Amino acid sequence: MGERLRDKVAIVTGASRGIGAAIAANMAQEGAKVVLVSRKIEGLQTVAAEIRGNGGEATPLACHVGHPDQREDMLDQALNAYGRVDILVNNAATNPHFGPMLSIDGGAWDKTFEVNVKGYFGMIRLVAGHLQERKAKGSIVNIASVAGLMAAPMQGVYGMTKAAVISMTKTLAMELGASGIRVNAIAPGLVETKFAQVLVDNDEIRSNIVNRTAAGRVGQPRDIAGGAVFLASDESDYLTGDVMVIDGGWTLG
Ligand SMILES: NC(=O)c1ccc[n+]([C@@H]2O[C@H](COP(=O)([O-])OP(=O)(O)OC[C@H]3O[C@@H](n4cnc5c(N)ncnc54)[C@H](OP(=O)(O)O)[C@@H]3O)[C@@H](O)[C@H]2O)c1
């Protein structure tokens, strides 16, 4: 066990699989007590058991991050479990539409913004309010995407929400800096998860992406987790408003 997050309490949303599960496991390995959040409790319980099996501490809590009442209940339960929260990783996001931007229907548009923008913002408002009440320092890590930095054909509205996350990160980093709350983002490139299955399983799309990636491969969830631990830890105490691009060099051109 490492000690880079010793005694810290972290909420990680979307922690039942993929990037969120890897971040939660790494944070627990570094000594954080981790609150695991997603809609379905079963996957969270499996991740919690793995973390505990490795000597870590984790509490699974079911919550749809797009629903304000569920967010509030979840924070109350996290505070009941651990007494405080120091770190928030906003990672749970959705992309219900894969196709040309103008072909998206109203329901998919609303759902994408409800989870990816209102969900992230609502979580930050709750956790920042808690930190300010305690007069405590804190770190917020927003998982954005390279789709928020570049054109995102076939994922256009999702890309808009990720651009909004980057904008939210920069403004809140300025507005919360005086309170000692840092806000940073990570923009992953393609990472092999259930979320990205439609891209990873398509041979043509996958090889186009790999050919353009300096690292010559698709990313894995563990490739993102180290960056999140760094941004959450005191090692990055003078870093705020940053967008850490972890894409194997895909955005280099
Ligand atoms: N994979 C990539 O290539 C890639 C690239 C760039 C950025 N990202 C970003 O990385 C993050 C994680 O993606 P991933 O690839 O790890 O996805 P994933 O494997 O599909 O995992 C998504 C997680 O989010 C949870 N979730 C989904 N909707 C939720 C909601 N409304 N409320 C609470 N939890 C919810 C899911 O659990 P439940 O089903 O139990 O809710 C699951 O734990 C996202 O922000 C995504 O935009 C991914």
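Everything numeric here is computed off the predicted structure, so don't read it as measured data. (Residues numbered from 1 in each chain as written. Predicted model: local features only at pLDDT ≥ 70, side-chain atom pairs only at ≥ 80, totals over all residues.)

Draft legend 1. Structural detail: the sheet that holds strand β4 (residues 87–90). Reading across from one edge, β3-β2-β1-β4-β5-β6-β7 is the order of the seven strands in this open sheet, with parallel pairing throughout. Both edges of this open sheet fall to β3 (57–62) and β7 (243–246), since each of them pairs with a single strand only. Across this sheet, the average inter-strand angle for adjacent strands is 20°, counted without regard to direction. Where β4 and strand β5 (residues 138–143) come together, four bridges link them in parallel fashion. Paired with Asn90 across the strands is Asn142, a residue of β5. Sitting on the sheet, helix α2 (residues 41–53) is in contact with β2 (33–38) and β3, with an inclination near 180° to β3. (Pairing = 2+ DSSP bridges. Helix = DSSP H or I, 4+ residues; strand = E, 2+ residues; numbered from the N terminus. Axes fitted to C-alpha atoms, helices over the stretch in contact; angles between N-to-C directions. Contact = placed C-beta atoms within 7 Å.)

Draft legend 2. Here's a closer look at the packing of helix α1 (residues 18–29) against helix α8 (residues 221–232). Running from amino to carboxyl end, α1 crosses α8 at an angle of 50°, the nearest separation of the two axes being 8 Å. With respect to their mutual orientation, α1 and α8 come out oblique. The two elements α1 and α8 cross, and the hand of that crossing is right-handed. Taking contact as the criterion, the partners of Gly18, Ile19, Ala21, Ala22, Ile23, Asn26 and Met27 in α1 are, on α8, Pro221, Arg222, Ile224, Ala225, Gly226, Ala228, Val229 and Ala232. For the contact of α1 with α8, the class distribution of residues is 11 nonpolar, three polar and one charged. (Parallel < 35°, antiparallel > 145°, perpendicular 65-115°, else oblique. Left-handed = near helix turned anticlockwise from the far one by under 90°. Nonpolar A, V, L, I, M, F, W, Y, C, P; charged D, E, K, R; others polar.)

Draft legend 3. Representation of the nonpolar core in the model. In terms of nonpolar packing, the biggest core is built from 69 residues, with Ala10, Val12, Ala24, Met27, Val34, Leu36 and Val37 touching the most fellow members. Every residue in contact with Ala24, bar those within four places of it in the chain, is listed here: Val12, Ala15, Val34, Leu36, Val47, Ile51 and Ala58. (Core = buried A, V, L, I, M, F, W, Y, C linked by C-beta atoms within 7 Å. Buried ≥ 20, exposed ≤ 12 C-beta atoms within 10 Å, placed from the backbone.)

Draft legend 4. Inspection of the site of the ligand at higher detail. For the ligand, the set of nearby residues contains 29 residues, the closest of which are Gly14, Gly18, Arg39, Ala93 and Phe195. For the shell around the ligand, the leading source of residues is α1, giving three residues. Looking at side-chain class alone, the shell around the ligand contains 12 nonpolar, 13 polar and four charged residues. (Near = placed C-beta within 6 Å.)

Draft legend 5. Here's a closer look at the pairing of strand β1 (residues 9–13). Counting buried residues along β1, five of its five residues qualify, which places the element largely inside the surrounding structure. Residues of β1 alternate between two faces, with Val9, Ile11 and Thr13 on one and Ala10 and Val12 on the opposite face, all of them buried. The sheet contact formed by β1 and β2 spans five bridges and is parallel. Bridge pairing links Ala10 to Val34 in β2. Taken together, β1, α1 and β2 constitute a β-α-β crossover, and its handedness is right-handed. Judged from the three bridges that link them, β1 and β4 form a sheet pairing that is parallel. Note that in β4 the partner of Ile11 across the bridge is Leu88. (Right-handed = clockwise from strand over helix to strand, strands pointing away.)

Draft legend 6. Layout of unusual backbone geometry. Positive phi values are uncommon outside glycine, yet Asp7 reaches one of about 70°. By the element assignment, Asp7 lies in the segment before β1. Among the residues examined, Asp7 registers 10 C-beta atoms within 10 Å and is labelled exposed. With a phi close to 75°, Met154 is a non-glycine residue in the positive phi region. For Met154, a count of 17 C-beta atoms within 10 Å corresponds to the partly exposed category.

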